[in-house]
Amino acid sequence: MSLKLILGNKNYSSWSLRPWLALAEHDIPFEEEVIHIYDPASKPKILRYSPAGKMPILLDGENTIWDSLAILETLADKFPQLDLWPKDPAARALARSISAEMHSGFVPLRKALPMNLKRTPAPPKAGIAEDVQADIRRICEIFRDARTRFGARGDFLFGAFSAADCMFAPVATRLRTYAVRLDAACEGYIEAIHHLASFERWKEAALKEPWAEAQYDAM
Ligand SMILES: N[C@@H](CCC(=O)N[C@@H](CS)C(=O)NCC(=O)O)C(=O)O
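Note that the structure is predicted; figures quoted are calculated from it, not measured. Every chain is numbered independently, its residues counted from 1 as its sequence is written. Residue-level local features of this predicted model are given only where pLDDT is at least 70; pairs of side-chain atoms are given and counted only at 80 or more, and the full residue set underlies all totals for whole chains, interfaces and linings.

Some words on the packing of helix H7 (residues 163-177) against helix H8 (residues 184-194)
Link 1 in the chain: Running from N to C, H7 and H8 point in directions that differ by 110 degrees, and their axes come no closer than 9 Å. One way to sum up the angle between H7 and H8 is to call them roughly perpendicular. Contact residues: Asp165, Ala169, Ala172, Leu175 and Arg176 in H7; Tyr189, Ile190, Ile193 and His194 in H8.
Link 2 in the chain: In this count, Pro and Cys sit with the nonpolar residues alongside Ala, Val, Leu, Ile, Met, Phe, Trp and Tyr, while Asp, Glu, Lys and Arg are called charged and the others, Gly among them, polar. A per-class count over the contact of H7 with H8 returns six nonpolar, one polar and two charged. Axis definition: a line fit to C-alpha positions, over the contact stretch in the case of helices; interaxial angles, taken between N-to-C directions, run 0 to 180 degrees. Going along the chain from the N terminus, every DSSP run of H or I of four or more residues is numbered as a helix, and every run of E of two or more is numbered as a strand. We call two directions roughly parallel when the angle between them is under 35 degrees, roughly antiparallel when it is over 145, roughly perpendicular when it lies between 65 and 115, and oblique otherwise. Contact between two residues is assigned whenever their backbone-derived C-beta positions fall within 7 Å.

Here we look at the domain arrangement of the protein chain
Link 1 in the chain: Note that the domain bounds reflect an automated or database-derived domain assignment. When cut into domains, the protein chain gives domain 1 (3-82) and domain 2 (89-201).
Link 2 in the chain: When each unit is reduced to the centre of its C-alpha atoms, the spacing between domain 1 and domain 2 is 21 Å.
Link 3 in the chain: Taken together, the contact between domain 1 and domain 2 spans 13 residues of the former and 17 residues of the latter.
Link 4 in the chain: Elements with a contribution of two residues or more to the side of domain 1 that touches domain 2: helix H1 (14-25) and helix H3 (68-78).

Digging into the site of the ligand
Link 1 in the chain: We count a residue as near a molecule or strand when its backbone-placed C-beta atom lies within 6 Å of that partner. Around the ligand there are 14 residues in total, and Gly8, Ser13, Trp15, Lys54 and Ser68 lie nearest to it.
Link 2 in the chain: At the level of secondary structure, the elements contributing two or more residues to the shell around the ligand comprise H1 and H3.
Link 3 in the chain: Tallying contributions element by element places H1 first for the shell around the ligand, with three residues.
Link 4 in the chain: Its residues assigned to classes, the shell around the ligand shows five nonpolar, six polar and three charged.

A closer look at the sheet that holds strand S3 (residues 57-60)
Link 1 in the chain: Strand order in this open sheet of four strands is S2-S1-S3-S4, and the pairing throughout is mixed. Bordering the open sheet on either side are strand S2 (31-34) and strand S4 (63-66), each of which pairs with just one other strand. Going across the sheet, the axis of each strand differs from the next one's by a mean of 15 degrees, ignoring polarity.
Link 2 in the chain: On the sheet, H1 packs against strand S1 (3-7) and S3 and is oriented at approximately 150 degrees with respect to S1.
Link 3 in the chain: The sheet strands contacting H3 are S3 and S4, and the helix crosses S4 at an angle near 130 degrees. A pair of strands counts as paired when DSSP detects no fewer than two bridges linking them.

Some words on the pairing of S3
Link 1 in the chain: Across four bridges, the pairing between S1 and S3 is antiparallel. Residue pairing for S3: isoleucine 6 is matched across the bridge by isoleucine 57.
Link 2 in the chain: With four bridges joining them, S3 and S4 adopt antiparallel strand pairing. The residue bridging leucine 59 from the neighbouring strand is threonine 64, located in S4.
Link 3 in the chain: Turn length for the S3-S4 hairpin, with the two strands adjacent in sequence and antiparallel, is two residues, and the turn residue glycine 61 shows positive phi of about 60 degrees.

Pasting the structure below:
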């Protein structure tokens, strides 16, 4: 059964990057359609695919799955051989917890440092407020904790590339885009995300997109 991913702009849509990375990094064949999020005419198009009206959306034969984490869970069920979640129960428990934490939290950071792959790396014009600093500290603690406990056999949070890395890849780009100073362990992880062949392909496509969003580009 063929898979199709409906995605927002690759330059800005942090949620869309996550399931795309899981499929692309594992060379799973899929079709994709990018819809310009910030064009008011796009809403009816998105709603034709999903009642939630948000992307990413996965079309899997007769099933429609929306929401980045639900799509990753679906892919983990559908392709168990990929070990999208780590096999070890303790690692799996941590991977699920931090993925859910990323999914439902870090609102100050998300608002202040939006994903913008075209932006030349530099600190945000408004500086970094204390609530955003607190989010950054917690994210780096997550990176260090997972890498120290479970990351020894590879460059990613749990060693091999996993769904947790898909969840944290967008924030890894934000930390670099806004030139946030981090310790060597966190920098090393962010570097590993940027070196993923799939991420490089996503970024190349993002840089070619014609759309610009002044509200984000001004930050
Ligand atoms: N929690 C959702 C959030 C999805 C979301 O907010 N997507 C944005 C793009 S980054 C969107 O589709 N916005 C279009 C709109 O609100 O009209 C997920 O994890 O997929």
